[in-house]
Amino acid sequence: MKHALTLFAFLAASPALAEGYSRPIPQAQSATAEFWYAFACVMLIAAMYAVHRMVMRK
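Since the structure is predicted, the reported quantities are computational estimates derived from the model, not experimental observations.

It is not clear to me how the overall build of the protein chain should be interpreted in this structure. Could you clarify?
A count of helices and strands for the protein chain gives two helices and zero strands. Residue burial in the protein chain is summarised as follows: out of 58 residues, 2% are buried. On the protein chain, roughly 6,200 Å² of surface is accessible, and the fraction owed to carbon and sulfur atoms is 72%.

Got a minute to help me understand the environment of S30 in this structure?
Tracing the sequence through the fold places S30 in the loop between α1 (2-12) and α2 (31-57). Within the local environment of S30, its side chain forms a polar contact with the backbone nitrogen of A33, the two atoms lying 3.2 Å apart.

Would you mind showing me how to read the packing of aromatic side chains here?
The geometry of an aromatic ring pair comes down to the distance between the two centres and the angle between the two planes. Inspection of every chain in the model, using the stated rule, returns three aromatic pairs. Each ring, one from F35 and one from F39, has its centre 6.3 Å from the other, and the planes form 20 degrees; the classification is stacked. On the criterion of helical spacing, the pair formed by F35 and F39 is a turn pair, its members being four residues apart in helix α2. Assessed through its relative accessible area of 40%, F39 is described here as partly exposed. Seen in terms of ring centroids, W36 and F39 are 5.6 Å apart; in terms of plane orientation they differ by 90 degrees. Their pairing is edge-to-face. Within this pair, W36 and its partner F39 are both found in helix α2, separated by three residues, close to a single helical turn.

Quick question: what am I supposed to make of a nonpolar patch on the surface here?
Taken together, the side chains of F35, W36, F39, V42 and M43 present a nonpolar region at the surface, about 550 Å² in accessible area. One can find V42 in helix α2.

Conventions used here
- Residues numbered from 1 in each chain as written.
- Predicted model: local features only at pLDDT ≥ 70, side-chain atom pairs only at ≥ 80, totals over all residues.
- Heavy atoms only, no water.
- Helix = DSSP H or I, 4+ residues; strand = E, 2+ residues; numbered from the N terminus.
- Buried < 20%, exposed > 50% of the residue type's maximum accessible area, 1.4 Å probe, protein only.
- Areas by Shrake-Rupley, 256 points an atom, 1.4 Å probe, with all protein chains shown as cover.
- Polar contact = N/O pair within 3.5 Å; in protein donor to acceptor, adjacent residues only side chain to side chain.
- Phe/Tyr/Trp six-rings, centres within 6.5 Å; stacked < 30°, edge-to-face > 60°.
- Patch = residues over 30% accessible without salt bridge, like charges linked within 9 Å, V, L, I, M, F, W, Y side chains within 5 Å.
- Salt bridge = Lys/Arg side-chain N within 4 Å of Asp/Glu carboxyl O.

Coordinates in, geometry out; function isn't part of it.
The structure is reproduced here in structure tokens:
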């Protein structure tokens, strides 16, 4: 009985039954996503400049 379970587990997990890997296709970036990315970049630069000004005052 133990050998039958081992054989079943081996056959169930064999690569012959596995599905081939299909690579995901990247989706195009929307205009809204590009806007929010640009906004985040500008805000990051503004925050870095604000930190620079605060550090230079000390």
